[in-house]
Amino acid sequence: MTAYLPFNDNTDFDNAQKGLIATLPSGEIKDSEGNISYSVKAFDFLKSDAPTTANPSLWRQSRLNAVSGLFKVTDNIYQIRGFDLANMTLVKGKTGWIVIDPLTVQETALAGMELVKKHIGDFPVKAVLLTHSHIDHFGGMRAFINEKDIQSGAIKVYAPEGFFEHSISENVMGGNAMSRRAAYMYGNLCLKVPLEALDPDWGRLQLKEAQEYWSLLISFQNRMVKRKSSTVSK
């Protein structure tokens, strides 16, 4: 395979580094108790050449996904990449940040935001946009909002119609089956070593989850119901 495919073409690696502003000096993200929530440096073994036991294309893709940190996409648009399965996008508006997809847990979202504050500026979060109901795109939203923010409308939350129902269906009703599927898909129980876990192919492997988002979703849903009722009554 190494002889057949153009492994000497480094265009993808150049593109993966494009816009990189900063990354985590420690290579680790910890929770409030000092436990490691996610480790970037756990994948440092990918810096070596692929062993004969690994598919060289998967090894290459894993190396590309291992490029992590704060990136500038274009003027006033930034991303946090490689801290989670998803990317967190930040749009700088006139009054503050619009956060798009606040990752799986608040620890990784907060770590990303610390990079933003240090290298871009400390501006308030004014809105959170949830693109869809997969947990890696909304689970970390408590890093930016709480129930009071939602009920008062101090921080706007935007999500597709049916978001609450779909998130409940996938993560609660089908939660056990989804968790088991994830263990097979992402190799959650595998060690981060060349003979076991490299990458799920499109993003970083699952991290330690601190799922504290359901009360936020319920507050969000209640506010949406009140809005609809108010609109109908008018």
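Residues numbered from 1 in each chain as written. Predicted model: local features only at pLDDT ≥ 70, side-chain atom pairs only at ≥ 80, totals over all residues. Heavy atoms only, no water.

Draft legend 1. Layout of the sheet that holds strand β7 (residues 97-100). Pairing in this open sheet of seven strands is mixed, and the strands run β1-β4-β5-β6-β7-β8-β9 from one edge to the other. Of all strands in the sheet, those with a lone pairing partner are β1 (20-22) and β9 (156-158), marking the two edges. For this sheet the average axis-to-axis angle between neighbouring strands, irrespective of direction, equals 25°. Across four bridges, the pairing between strand β5 (residues 77-81) and strand β6 (residues 88-92) is antiparallel. Among the inter-strand pairings, Tyr78 is bridged to a residue of β6, identified as Leu90. (Pairing = 2+ DSSP bridges. Helix = DSSP H or I, 4+ residues; strand = E, 2+ residues; numbered from the N terminus. Axes fitted to C-alpha atoms, helices over the stretch in contact; angles between N-to-C directions.)

Draft legend 2. Representation of the nonpolar core within the structure. Counting 39 residues, the largest nonpolar core has Phe83, Met88, Leu90, Val125, Val128, Phe144 and Ile145 as its most contacted members. With five residues, the single largest contributor to this core is helix α3 (residues 106-119). Those residues in contact with Leu90 that lie beyond four places of it in its chain are Asn76, Ile77, Tyr78, Ile80, Trp97, Ile98, Val99, Met113 and Val116. (Core = buried A, V, L, I, M, F, W, Y, C linked by side-chain atoms within 4.5 Å. Buried < 20%, exposed > 50% of the residue type's maximum accessible area, 1.4 Å probe, protein only. Contact = heavy atoms within 4.5 Å.)

Draft legend 3. Molecular detail of the layout of surface pockets. When its volume is computed, the second largest pocket comes out at roughly 380 Å³. Taken together, 17 residues form the lining of the second largest pocket, with Val40, Asp44, Lys47, Ala66 and Val67 sitting closest to its centre. Here the residues of the lining of the second largest pocket are counted per class, giving eight nonpolar, five polar and four charged. (1 Å grid on protein atoms, 1.4 Å probe; cavity = no way out; pocket = protein on both sides within 12 Å on 5 of 7 lines; lining within 4 Å. Points joined across faces, edges and corners; volume = space filled by probe spheres on them. Nonpolar A, V, L, I, M, F, W, Y, C, P; charged D, E, K, R; others polar.)

Draft legend 4. Focus on the environment of Tyr78. You can see Tyr78 is positioned in strand β5. The spatial distance from the C-alpha of Tyr78 to the C-alpha of Met88 is 8.4 Å, given a sequence separation of ten residues. If we ignore the near neighbours within four places in the chain, the residues touching Tyr78 are Ile21, Leu70, Phe71, Lys72, Val73, Met88, Thr89, Leu90, Trp97 and Ile120.

Draft legend 5. Representation of helix α5 (residues 163-173) in the model. Of all the positions in α5, only Phe163, Phe164, Ser167 and Glu170 are classed as buried. Taken around the axis of α5, the buried residues stretch over an arc of 145°, which confines them to a single face. (Arc of directions from axis to C-beta.)

Draft legend 6. Up close: the packing of aromatic side chains. As enumerated under the stated definition, the model contains five aromatic pairs in all. Considering the side-chain rings of Phe138 and Phe163, the 5.2 Å spacing of their centres and the 80° angle between planes classify their relative orientation as edge-to-face. Note that Phe138 is positioned in the loop between β8 (125-129) and α4 (147-152) and Phe163 in helix α5, a separation of 25 residues in sequence. Of the two residues, Phe138 and Phe163, both sit in the buried class. Here the aromatic cluster, defined as three or more aromatic residues joined through ring pairs, consists of Phe43, Phe45 and Trp59. Note that Lys92 overlies the ring of Phe123, its terminal NZ or CZ placed 4.4 Å from the centroid. (Phe/Tyr/Trp six-rings, centres within 6.5 Å; stacked < 30°, edge-to-face > 60°. Lys NZ or Arg CZ within 6 Å of the ring centre and 35° of its normal.)

These results come straight from atomic positions and should not be treated as a statement about function.
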